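# Close look at the chain arrangement
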Amino acid sequence: MSLLVEFLSSIRRFVLEQNGDELRKWLLVENNVPDIYFQLARELKTSFPANSNSVENLVDNCLPEENDVPESRGSPWPGFNSFMKEYLEYWRDADFSNLVKVHARLSDLLNSCANALANPTYGAMLLQTSMSLSEALSKLVMGLTRQPELLSQIQGGIGLLGEEGNEKKSIVELAADIIQKIFTSCLTDRSSTRWQPPKGKKVAVYLFANLTLKLLFACDKSRLAIQMFTNLSTSGPALALYPASQRVTFLYYLGRFNFDQGDYWRAHQAFEAAYLQCPPQFMKHRRQILTYWVPTNLLLGRFPSLALLQRPEAAGFLDIFLPICASIRRGNFVDFHTALFLSRDWLWAKGFYLTLLYRLKPLVWRSFTRRTFLLAWQGSVGGGNRASVPTLSFQDMVTTATYVQKQLEGYTPAPKRAATAGLPPKQPQRKLQVNPLFMKAVTNSSTAAAEADGGGDSLVPPPAGPRFLMPSEGLIFGNKRPDVKNIEAVIAGLVYAGLLNGFIARRQGAFAIEGAKRFNGDPVKAGWPVPYESVMERFKESWQDAVAAYESGESPDPPGEFEDVPGWVKGDMFSRRD
Amino acid sequence: MASTQNKSDSKSEAKQQPEQQQPTEQKKAAALEEDDEFEDFPVDDWAAEETEAAADKTAQHLWEESWDDDDTSDDFSAQLKEELKKVESSKKR
């Protein structure tokens, strides 16, 4: 008996036994396989040349459809035989030195496997094989995306046209499409409902979801996951019914998706659930979750506790996040830029740099306005004239902001004056707060701006002139010196974001604090609410707006509960029966 | 304020910053060297009791919500205070 016939006889036996594990073990596709697969390939090349239907005939002869199949037994089916034909041709034409070709054949093979898997009666026995083929294709695609030359060969090839016939899909999208086809097959399996322990192909819903997510994230295509999350929300089984490893992995990717979308409240919920369900011994996984969970909370206005940063999985995070938090706490823009700059490589590699730079700035402004108020306010907590509303003068803000802007531009304390300026005696010669890294940067040749500010003269410009700032490096915009209008705009933005509580008193040129009475006359507590609470309040308001829009018929989509995260099927499996 | 990470913009901005403090950065980079892949777990399932989800959540202190700093005796505050005083007195003159 030829090797091929022997091989197919074994496959037939596994199909009759519905032995998915053995099918996976035999239907290998990678090049690190026993030599017998290469012998098989040689036999195929010799006896079954391309452009003939002899392979198909061989498969049909060796894998005949069974009649009267008893329960618990299986039978080959047309989709399976097509897949087997594709499998044998894959080995016949296999040339692992030509990854472009391997990619094309493996994509076809997985597609064929997905079609076979869709069979409602026997398809489930191909679950394990589908998984291993999907993993192999993902691995290959991830590798190819790092090889631009090969990638361009594939992208320039045939078969990459989109449905409209003109839009080319990337190889990542094409692979994700095939794996999602398998995911959909699992999702729509009717062996069990959404709220029952999964049966049939449904057991693999989250395995394929996670595999798709892994591929999309590895290739920076996370936005493509939205359709999958929508499908899960609509008909997906409850996540709680699946093993912990699948739950944690899924929640990690769900968190990252929401982080990328800028929905930090949803991202936090997913990361929290992932982290808390991941036992401490899986330190690498916990670290990976924490890597994203910490910035998520910073963006929600919460700082990681020292206890958290000192956990073993957080090694090295303290050096990165503590200076960022300290600069926000103090409202110190120079320290803020320095802290981000010193961890730039890591923050950049993780995709956090710009998000933190832009999105944390309002928090620095909040602390900075608070600090200016603490320094400039003449009243006392609970005391003073009851009729007068505590205010923060815009002019005072211009003074402090101009000072900080100059620091950012590389100005340093005037040596003589600094010594007599009333600074604490221990600090007259203290090191400049300005990061020396800033000092060496490209400088603006014009020193006109240095003279034009009209503020205090306690700082002197650097010898080569004020440093040229990129738009994001300045307080307002590059080297723009803050004026009353700018300050008013910043404060209006902070009030709108809920980070300040009060109103703009234009006539007085000040920010007037509201509700001090509720805080025993403490204007600081009243004017600068806890950021996290303000941020959450805003999230709640936008959710309430969505509820109102749905109820009034303005929006067709029900917003669900406040804690809902699209794609995360929480569900109460004990009370729901739909 | 824009928040979308525009890699080319950020890179050009970042490049404007001069190179310094290499030893600190190198040390940090070594401590943080890691790949970004969320690996497959070596086991499929585990009991909830093995996780923090089962522990008393109130005992965990993971996040600080009230982090304001009212201390105005630091350098930064002293400089700002001095500047406010100076500008105020220059107005009176």
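Residues numbered from 1 in each chain as written. Chains lettered and ligands numbered in written order. Predicted model: local features only at pLDDT ≥ 70, side-chain atom pairs only at ≥ 80, totals over all residues. Heavy atoms only, no water.

Definition in use: UniProt positions are given in the numbering used here, feature names are shortened, and annotations may be inferred rather than shown by experiment.
Under an unreviewed UniProt entry, the name given to chain B is 26S proteasome complex subunit SEM1, and the source organism is Apodospora peruviana. Word for word, the UniProt comment on chain B under Function (unreviewed entry) is "Component of the 26S proteasome, a multiprotein complex involved in the ATP-dependent degradation of ubiquitinated proteins." Under the UniProt heading Subcellular location (unreviewed entry), the note attached to chain B is "Nucleus".

Chain A goes by COP9 signalosome complex subunit 12 in an unreviewed UniProt entry, where it is assigned to Apodospora peruviana.

## Observations concerning the pattern of salt bridges
What counts, and what does not: Each salt bridge in this description consists of a side-chain nitrogen of Lys or Arg and a carboxyl oxygen of Asp or Glu lying within 4 Å of one another. Only DSSP runs of H or I covering at least 4 residues are called helices, and only runs of E covering at least 2 are called strands; the numbering of each starts at the N terminus. Each residue is assigned to one of three classes by its accessible area relative to the maximum for its type, calculated with a 1.4 Å probe on protein chains only: buried under 20%, partly exposed between the two thresholds, exposed over 50%.
Within this structure, the stated rule accounts for 27 salt bridges over all chains. Lysine 85 of chain A serves as the salt-bridge partner of glutamate 89 of chain A, at 3.6 Å between the closest nitrogen and oxygen. Of this pair, glutamate 89 of chain A and lysine 85 of chain A are both found in helix H5 (residues 78–92), four residues apart, which corresponds to roughly one turn of the helix. Linking glutamate 37 of chain B and lysine 214 of chain A is a salt bridge whose minimum nitrogen-to-oxygen distance equals 3.2 Å. Highlighted residues: glutamate 37 of chain B in the loop between helix H2 (22–32) and strand E1 (63–64) and lysine 214 of chain A in helix H10 (residues 205–218), drawn from two different chains. When its relative accessible area of 40% is taken as the criterion, glutamate 37 of chain B is described as partly exposed. On the accessibility criterion, lysine 214 of chain A (17% relative accessible area) is buried. The network of salt bridges with common partners includes Arg286, Arg311 and Glu313 of chain A together with Glu52 of chain B.

## Description of the pairing of strand E6 (residues 510–513) of chain A
All names here are of chain A. The line we're drawing: Only when DSSP finds a minimum of two bridges between them are two strands counted as paired.
Covered by surrounding structure in E6 are Ala510 and Ala512 together with Phe511 and Ile513, the residues of both alternating faces. Two elements, strand E2 (residues 391–393) and E6, share three bridges in a ladder whose sense is antiparallel. Of the residues in E6, the one forming a bridge with threonine 391 is alanine 512. In terms of strand pairing, strand E5 (residues 502–505) meets E6 through four bridges, oriented antiparallel. Counterpart to glycine 502 in the pairing with E6 is isoleucine 513. Where E5 folds back on E6, the antiparallel hairpin that results is connected by four residues, among which glycine 509 adopts a positive phi of roughly 60 degrees.

## Comments concerning H5 of chain A
All names here are of chain A. Our working rule: By this rule the span expected of a helix is its residue count minus one, scaled by 1.5 Å. Note on contacts: a residue pair is in contact if any heavy atoms of the two residues lie within 4.5 Å.
Across its 15 residues, H5 extends 21 Å between first and last C-alpha, which sits within 8% of the 21 Å expected from 1.5 Å per residue. Burial within H5 is extensive, with 11 of its 15 residues counted as buried. Along H5, the residues classified as buried are Phe80, Asn81, Phe83, Met84, Glu86, Tyr87, Leu88, Glu89, Tyr90, Trp91 and Arg92. Of the surrounding elements, those touching the buried residues of H5 are helix H1 (3–17), helix H2 (20–26), helix H3 (35–47), helix H4 (54–62), helix H6 (99–117) and helix H7 (127–144).

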